[in-house]
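Structural overview for review
As a plain string of letters, each chain reads:
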Amino acid sequence: MANLTISMSAEDKAGISAFCEATGFTISSLFNVFTKAVLRERRIPFTIFMPEQPNAETIAAMEEGERIARDPNVKGYTDLKELWKDLEK
């Protein structure tokens with residue numbers, strides 16, 4: 001057996017732990033079932049889709065981008081070399 005470390009939020013860990021406890025799985029056995037399904041089916045065994053509504057973090061980032069684009073005090077670039085030079089500072 002090999003070990004695998006997975007990082008996730010404490011909230012997600014609590015949620016998956018509760019699910020596993022309620023269904024008789026361990027987190028390890030649940031991920032082993034998932035892995036076997038991926039290997040057997042050669043695909044992720046469920047549909048992944050983009051929600052119609054962006055989450056709060058994405059909305060905040062989009063609003064920040066719009067604010068920056070309209071702010072005349074924010075430096076803009078037309079030369080990539082100048083942009084990289086400033087990024088390396």
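Scope of this entry: the structure provided in the associated data block. (Residues numbered from 1 in each chain as written. Predicted model: local features only at pLDDT ≥ 70, side-chain atom pairs only at ≥ 80, totals over all residues. Heavy atoms only, no water.)

1. Remarks on the overall build of the protein
Defined as follows: In DSSP terms, a helix is any run of H or I states spanning at least four residues, a strand is any run of E spanning at least two, and both are numbered starting from the N terminus. We compute the radius of gyration over the C-alpha atoms and compare it with the globule rule, which gives 2.2 Å times the number of residues raised to the power 0.38. Relative accessibility under 20% of the residue-type maximum defines a buried residue, over 50% an exposed one, and the middle range a partly exposed one, all with a 1.4 Å probe and only protein chains included. Only the protein chains shown count as cover for residues, and all accessible areas are computed by the Shrake-Rupley method using a 1.4 Å probe.
Along the backbone of the protein there are four helices and zero strands. When the elements of the protein are put in sequence order from the N terminus, they spell out α-α-α-α. Expected size for 89 residues packed as a compact globule is a radius of gyration near 12 Å; at 22 Å, the protein overshoots this value by more than 25%. Overall size of the protein, expressed as C-alpha extent along the three principal axes, is 60 × 30 × 25 Å. Taking all 89 residues of the protein together, the buried fraction comes to 3%. Split by element, the accessible area of the protein, about 8,600 Å² in all, is 58% carbon and sulfur.

2. Digging into a nonpolar patch on the surface
Defined as follows: Nonpolar side chains (Val, Leu, Ile, Met, Phe, Trp, Tyr) within 5 Å and like charges within 9 Å form the patches, drawn only from residues with over 30% relative accessible area and no salt bridge. Criterion for a salt bridge: a side-chain nitrogen of Lys or Arg within 4 Å of a carboxyl oxygen of Asp or Glu.
Taken together, the side chains of F34, I44, F46 and I48 make up a nonpolar region of the molecular surface, amounting to roughly 390 Å² of accessible area. Its location among the elements puts I48 in the loop between α2 (27-41) and α3 (56-70).

3. Here's the deal with α3
Formally: Take the residue count of a helix, subtract one, and multiply by 1.5 Å to get its expected span. Any pair of nitrogen or oxygen atoms within 3.5 Å is treated as a polar contact; in protein, a donor-acceptor pairing is required on top of that, and neighbouring residues in sequence qualify only through side-chain atoms on both sides.
Over its 15 residues, α3 extends 21 Å from the first C-alpha to the last, a length consistent with the 21 Å expected when each residue adds 1.5 Å. Among the residues of α3, the N-terminal cap falls to N55, whose side-chain oxygen and the backbone nitrogen of E57 are separated by 3.2 Å.

4. Some words on α2
Under the 1.5 Å per step criterion, the end-to-end length of α2 is 21 Å for 15 residues, consistent within 8% with the ideal 21 Å. Positive backbone phi, approximately 60 degrees, marks R42, located one or two places after α2.

5. Some thoughts on the layout of surface pockets
Threshold: Using protein atoms alone on a 1 Å grid, points that fit a 1.4 Å probe yet trap it form a cavity, whereas open point sets bounded by protein on both sides within 12 Å along at least five of seven lines form a pocket; residues with an atom within 4 Å of a point count as lining. Grid points are joined across faces, edges and corners, and a volume is the space filled by probe spheres set on the points.
Roughly 430 Å³ of internal volume is contained in the largest pocket. Lining the largest pocket are 14 residues; nearest its centre among them are L4, I6, I27, S28 and F31. The leading source of residues in the lining of the largest pocket is α2, at six residues.

6. Quick word on the pattern of salt bridges
This structure, assessed with the given rule, holds five salt bridges. Salt-bridge contacts for E41 lead to R40; the nearest nitrogen and oxygen are separated by 3.5 Å. Residue classification places R40 among the exposed residues on the basis of a relative accessible area of 61%. Note that D86 is salt-bridged to K89, the shortest N-O span being 3.2 Å. If you follow the salt bridges from partner to partner, you end up with K75, E82, D86 and K89 in one network.

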